[in-house]
Structures are given as structure tokens and as C-alpha cells.
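# Residue-level structure breakdown
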Amino acid sequence: MAKYSKIISCGSYLPEKVINNSDLPAILETSDEWIRARTGITQRHIAADGELTSDLAAKAAKIALEKAGLAAVDLIIVATTTPDTTFPATAVSVQKKLGMHSGFAFDIQAVCSGFVYAMNMADIYIKSGQAKTALVIGAETITRILDWADRGTCVLFGDGAGAVILGESDEPGILSAKLHSDGQFQQELYVDGGVSINQQAGLLRMNGKEVFRHAVEKMGNVVLEALEDADYGIEDVKWLIPHQANQRIMDAIAKRFKIDSDKVLSAVAKHANTSAASIPLAICEHEAKLKSGDLVALTALGAGFTWGSIILKW
Ligand code: ACO
């Protein structure tokens, strides 16, 4: 059985259509200055009509597969909160779009923490010997569940997909993972619809100030927990890759840990918050900086709340 699972490649896809902050005052009472100052976001990508979460995911996955020199993998996990359909899983649509007929594929729903949850699952499958290779994808068409009349939420999000391939390895890769959830916070961030409730997809609702506070505290604390399990300290982290919700959240975490802001990898300015896709998109955006052996910490918080961290060697 494999001692470790390790990232062997990554790929990303962003829809062609871009909406800049300066396009938004035409439909909302907002401004480029407000959005930039409060969030660091300057633009977001929006999926085209008929472009599905599985399309974005398959495009990102194809790039990762090509880079790894693989035609197929044993396992596909898609982390998404905006699946193509209620069932089957978006992951099996991705499997079909990639022309794969073997292995197994499923979705995971942990909202903005989905990629961290999915990485942990794939790591467990690889270490247990049930898979030798895994495609772990974060993919969202989250702009489809935004209320475009609510300026407190709609300016924050964008669509996209990022994928990594994990393979078995004798060299250190994923070193530790720590996951949490606490359903008492559901009302801070949720969608006001669902199959069981009203048979509608619903729209995103958020108490921004509370989410901000919890994100800074919980994303920071869980990194320390995961580092402790891996026998490292915060000073050993070469790159921190947080969920890309808001530049101010990332800056607050960097300040708390007194880490140089250059070590906190960000892509929020160009992508906005792409929910489960945000961490793999940030990984791809900064791939050239990541060198073999670098200690990397991933951390995320999403609706639920769910939160978690992965510590890995690149
Ligand atoms: N443009 C202009 N003004 C706005 C906008 C906008 N887009 N949105 C809100 N405002 C106004 C408000 O109406 C309010 O006006 P008022 O004082 O007249 O009532 C004023 O700006 C201040 O609003 P606040 O909500 O207090 O602004 P705040 O500084 O808290 O920033 C924000 C809001 C950006 C949502 C912030 O709370 C935040 O980033 N929270 C984190 C939420 C997040 O990132 N969620 C993503 C999902 S969860 C996750 O991914 C971790």
C-alpha cells in the first residue's frame, strides 16, 4: 500500500465571459471602489448559457490529465455545490466527458470547504490501496444561484473549475488533514431552496459580517491543528493557500500568524469567490512558485459551517 498520496499535476478552466467591477453599477447600486476596498475582487468569470459545472470540471481535468501523461484515473471526486442535476453526480458526467469507463466517481458537498474535504477523501482511498490515482476537482457555476438584486452577495462570486491529480507515492505528499463542521451556523450562509424543501435550486443568502469573523478564526485555527498533526509549526509553512473568499480575510490570517503576505497565495482579484473551485484555481495560478519539497497549507471555511485544512509537501 502507498505510504503517501502526492499531487502530480493540476489544471484549471475559467469561462470566457468576464464581468468587471465597473460593469456592475449598471445593474446594482455599487462601485468598483467599494468592491475592491472591501474584498480585493476586480473581476469574475461567468459560465455561458448551457455551460455546465461538468463542462468546466472536464476542461480543467483534461489539462491535469495531459500534464500527468494519464488517460484515466481510478477515482474522480467533484467538490461542488452547484451540480448539473440533482442526480446523477456531476462526477459521473465528468467521467463520461473524459471518455472513462472504469474506476468510480462521486460528488462531495461541503460548499467552500469541498475541495479540502475531497482531497482528504482521495488521500484516504489512495493510502488504503483502493485507488492509485485520483482526480480531485472543485467546480462551480455558483453565479446561477446568486440574487443579482442583493449587492451584499452577488458581487462576491464567480464561476470556474480547478483539478489536481493525486497519485500514490513513497515520497511525502499529503501529511495531515483536519476537518470540522458545526451545523448550528447554517443560518449564516445558505441557499433558500432545495429538492426536499421546495423543489427549487434557491438563491444564496449570507450574513457577511458573521461569515467573515468565523472565516478568519476557524481557517486560522484549523491550520494550526493540521500542522500539529504533521509535526510542523506555522513558521515552517512555505505557502498558505486559503479559500479565496475575500482578500481581507486572507490578510487578517496572514497578520494573525505574522506571515509575509507574499506567502499567502491569492487569486481572488481575478476569480472572485469560486467556492469549491477556489483553492485548486489558486494552486494552478501560482503553480510556477511551488517547488518540490515546499510545505504547503490549504485551509477553507464554507457554509454549514464546514472547515478544514490539509498540510502537504509539494
Ligand atoms: N456595494 C456598495 N455598498 C455595499 C455593497 C456593495 N456591493 N454591499 C453592501 N454594501 C453596503 C451595505 O449596504 C452597508 O451599507 P449601510 O452602512 O448603509 O447599511 C455598507 O456597505 C457596509 O456593509 P457591511 O455588510 O457592513 O460591509 P462589510 O465591511 O461587512 O463587507 C462583505 C461586506 C464584503 C460581504 C464582508 O462582510 C465579507 O466579505 N464577508 C465574508 C463573506 C464571504 O466572503 N462569504 C463568501 C462565502 S463563505 C466563504 O467563502 C468563506
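Please read all numbers here as calculations on a predicted model, not as lab measurements.

## A look at the domain arrangement of the chain
- According to the domain assignment, the chain contains domain 1 (4–169) and domain 2 (174–313).
- Centre-to-centre separation of domain 1 and domain 2, based on C-alpha positions: 15 Å.
- In total, domain 1 and domain 2 occlude about 3,800 Å² of area from one another, counting both sides; carbon and sulfur atoms represent 66% of this.
- Interface area lost by domain 1 to domain 2 is led by C112, V116 and I145, which between them contribute 17%.
- Where domain 1 meets domain 2, there are two salt bridges.
- With a shortest N-O distance of 2.8 Å, K67 and E287 are connected by a salt bridge.
- Among the secondary structure elements, those contributing two or more residues to the side of domain 1 that touches domain 2 are strand 1 (4–13), helix 1 (32–39), strand 3 (43–46), helix 4 (114–128), strand 6 (133–140), helix 5 (151–154) and strand 7 (160–169).
- In terms of residue class, the side of domain 1 that touches domain 2 is built from 24 nonpolar, 20 polar and ten charged.

## As for the pattern of salt bridges
- Summed over all chains, the structure comprises twelve salt bridges.
- Residue K218 pairs with E217 through a salt bridge whose shortest N-O separation is 3.8 Å.
- Residue K218 is classed as buried on the basis of its relative accessible area of 9%.
- Residues participating in the shared-partner salt-bridge network are D147, D192 and R205.

## Details of the sheet that holds strand 4 (residues 75–79)
- Here we have five strands laid out as an open sheet, ordered 1-7-6-4-5, and mixed in their pairing. The sheet is open, and its two edges are formed by strand 1 and strand 5 (104–108), each paired on a single side. Taking the axes of each pair of neighbouring strands and ignoring which way they run, one obtains an average angle of 20° across the sheet.
- Packed onto the sheet, helix 2 (residues 53–68) meets strand 1, strand 6 and strand 7 and runs at close to 125° relative to strand 1.

## Observations concerning helix 3 (residues 90–97)
- Buried within helix 3 we find T90, A91, V94 and Q95. In a view along the axis of helix 3, the buried residues occupy a sector of 150°, so they form one face of it.
- Where helix 3 is buried, its residues touch helix 2, strand 4, strand 5 and strand 6.
- Downstream of helix 3 by one or two residues, G99 has phi in the positive range, about 70°.

## Points about the site of the ligand
- In the region of the ligand, 23 residues are neighbours, and T30, R38, K209, H243 and N246 sit closest.
- The contact in question runs from an oxygen atom of the ligand to an N or O atom on the side chain of H243, over 2.6 Å.
- For the ligand, whose free accessible area comes to 1,000 Å², the fraction covered by protein is 75%.
- Breaking the shell around the ligand down by element, the ones donating at least two residues are helix 1, helix 5 and helix 6 (208–229).
- Ranked by the residues each element gives to the shell around the ligand, the list is headed by helix 6, at four residues.
- Each residue belonging to the shell around the ligand can be placed in one class, and the counts come to eleven nonpolar, seven polar and five charged.
- If you count residues domain by domain, the shell around the ligand takes at least three from each of domain 1 (4–169) and domain 2 (174–313).

## Comments concerning the packing of aromatic side chains
- As enumerated under the stated definition, the model contains four aromatic pairs in all.
- On the numbers, 6.4 Å between centres and 20° between planes, the contact of F104 with F106 is stacked.
- Relative to Y125, the ring of F104 lies with its centre 5.2 Å away and its plane at 75°, an arrangement referred to as edge-to-face. Of this pair, F104 sits in strand 5 while Y125 is found in helix 4, placing the two residues 21 residues apart along the sequence.
- Residue classification places Y125 among the partly exposed positions, given a relative accessible area of 22%.
- An aromatic cluster is present here, built from F104, F106 and Y125 joined pairwise through their rings.
- Directly above the aromatic system of W307 lies the positively charged group of K218, at a separation of 5.1 Å from the ring centroid.

## Some remarks on the environment of T306
- Within the secondary structure, T306 is located in strand 13 (residues 306–313).
- Taking the C-alpha atoms as reference points, T306 and D182, separated by 124 residues in sequence, lie 6.6 Å from one another.
- Ignoring anything within four residues of it in the chain, the contact list for T306 reads A110, S113, Y117, H180, S181, A300 and L301.
- Of note is the side chain of T306, whose polar atom sits 2.9 Å from the side chain of S113.

Reading the values: the criteria
Residues numbered from 1 in each chain as written. Predicted model: local features only at pLDDT ≥ 70, side-chain atom pairs only at ≥ 80, totals over all residues. Heavy atoms only, no water. Domains from an automatic or database assignment. Buried area = accessible area lost by both parts, 1.4 Å probe. Salt bridge = Lys/Arg side-chain N within 4 Å of Asp/Glu carboxyl O. Helix = DSSP H or I, 4+ residues; strand = E, 2+ residues; numbered from the N terminus. Nonpolar A, V, L, I, M, F, W, Y, C, P; charged D, E, K, R; others polar. Buried < 20%, exposed > 50% of the residue type's maximum accessible area, 1.4 Å probe, protein only. Pairing = 2+ DSSP bridges. Axes fitted to C-alpha atoms, helices over the stretch in contact; angles between N-to-C directions. Contact = heavy atoms within 4.5 Å. Arc of directions from axis to C-beta. Near = heavy atom within 4 Å. Polar contact = N/O pair within 3.5 Å; in protein donor to acceptor, adjacent residues only side chain to side chain. Areas by Shrake-Rupley, 256 points an atom, 1.4 Å probe, with all protein chains shown as cover. Phe/Tyr/Trp six-rings, centres within 6.5 Å; stacked < 30°, edge-to-face > 60°. Lys NZ or Arg CZ within 6 Å of the ring centre and 35° of its normal.

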